[in-house]
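Geometric and topological summary
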Amino acid sequence: MASIANSRILFNSIPTVTHVLPLPGYPELGQTIVHNTSEQINVETVPLNGGILLKIIVLSPDPFQRNLMIPPSDEMFMPVYAIGEPIVGLAVAVVLRSENDAVNPGDHLHGFLPWKSYVVLPSAEGLSILDNKYGLPWTSYVGVLGLAGHTAWMAWKEYANPRAGQTAFVTAAAGPVGSFVIQLAKRAGMKVIASAGSEDKVAWAKGVGADVAFNYKTKSTQGVLKKEGPIDLYWDNVGGESLDAALEAASVGATFIECGMASGYNTGHAPIKNLIKVIEKAITMNGLTVTLLYEKYLDEFYATVPKLVADGGIKHREEIYRGMDSVDEALLKTVRGAVKGKAVVIIAEQ
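This write-up is about the structure you can find in this document. As the structure is a prediction and not an experimental result, all values here were calculated from the model.

**Focus: the overall build of the protein**
A tally of regular secondary structure across the protein gives eight helices and 19 strands. In terms of overall size, the protein behaves like a compact globule, its C-alpha atoms giving a radius of gyration of 21 Å where 350 residues would be expected to give roughly 20 Å. Here the C-alpha coordinates of the protein stretch approximately 65 × 55 × 35 Å along the principal axes. In the protein, which comprises 350 residues, the proportion classed as buried is 54%.

Written as structure tokens, this is what we have:
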């Protein structure tokens, strides 16, 4: 077999908005990341040196990737992207060749991988071998059964301590994490208030069980929470004004799960005015980095959640893109909150 192009998604520039000082900015289409086809690979002869050759079949654009598009001097929870190098993100890949006893050709792996069509690794360390016994689409494993599902389910298990009759407030409620959390809260017998950024998203949040759902762009979050609260559990995906309003509306002894601060990823984070309420109301505030929960919950997740999804017990939706050429658009829409459900990019059918 002759060599073929090994398409790569390269980090090309750090997104900034420059006024007097450099400020965070939104990624730009065709500028921040670029699709590059200059690398060649012969999948039959490329040396493995005891390792494995993977073919990427699905990529997962995720909001956290915006946090890695920063200068290398900044410290993050994982290495920031290097200019001119493939970006790293979650993916599902199939093993084409293996010189490693831990995996076999045909196995499907999930985890953090460089975004290129074919990847040679020394081992499968850090990757999960997927047992898709319910025959779910592989896209599910970068969405409801991937990072979004891990985040919702594991953090709920670890931090929520829900009680029937309590009230939960979920932001970014139509996203893959938020909509999963709504369903977990309803399964626990809670009343759920949900906020989202469009009427379509509000309808989806209601469709998965939210008792009260509203468009935060047209209705006052503070006003809704004053009417429907107090809130006993706050799942925070956005930070900013919603976090301030939740602090104001929290019950004594409320639990906050700080999953994301998406309102500030691209424009800088606004000061939180009501932080004193953590003291006044004895609020328990939990920061969430889901990978820290993998050792405790990952096996249990894969033993439990795929069946729920297959049986329709957990609903989800995907916005599907196809091909490396579409990665730029999919990631940009993800960090702007413009996708309906979970963005997934199908690179190859198998």
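We are not done yet, so read on.
**A short note on the environment of G143**
Take G143: it is sitting in the loop between β11 (128-129) and α1 (147-160). The class for G143 is buried, based on a relative accessible area of 1%. On a C-alpha basis, the gap between G143 and H316 in space is 8.4 Å, while along the polypeptide they are 173 residues apart. Ignoring anything within four residues of it in the chain, the contact list for G143 reads A148, G149 and K342.

**Brief notes about the sheet that holds strand β14 (residues 212-215)**
Pairing is parallel across the open sheet formed by six strands, whose spatial order is β14-β13-β12-β15-β16-β17. The strands lining the two open edges of the sheet, one partner per strand, are β14 and β17 (284-287). Direction aside, neighbouring strands of the sheet carry axes that sit 15° apart on average. In this sheet, β17 lies alongside strand β16 (residues 250-258) in parallel orientation, the contact comprising four bridges. Along β17, the bridge assignment pairs T255 with T284. Strands in contact with α1 are β15 (231-236), β16 and β17; relative to β15, the strand with the most contacts, it is inclined by about 145°.

**Regarding the nonpolar core**
L54, M154, W156, I182 and W235 are the most contacted members of the largest nonpolar core, which has 90 residues in total. Tallying contributions element by element places α1 first for this core, with nine residues. Residues within four places of L54 in sequence aside, it is in contact with A93, V94, V95, L109, L113, S117, Y118, V119, L121 and L127. Grouped together as the second largest cluster of nonpolar side chains are 18 residues, I193, I231, A250 and F256 included.

Parameters and conventions
- Residues numbered from 1 in each chain as written.
- Predicted model: local features only at pLDDT ≥ 70, side-chain atom pairs only at ≥ 80, totals over all residues.
- Heavy atoms only, no water.
- Helix = DSSP H or I, 4+ residues; strand = E, 2+ residues; numbered from the N terminus.
- Rg over C-alpha atoms; globule rule 2.2 N^0.38 Å.
- Buried < 20%, exposed > 50% of the residue type's maximum accessible area, 1.4 Å probe, protein only.
- Contact = heavy atoms within 4.5 Å.
- Pairing = 2+ DSSP bridges.
- Axes fitted to C-alpha atoms, helices over the stretch in contact; angles between N-to-C directions.
- Core = buried A, V, L, I, M, F, W, Y, C linked by side-chain atoms within 4.5 Å.

Functional significance is not addressed by these values, which are geometric in nature.
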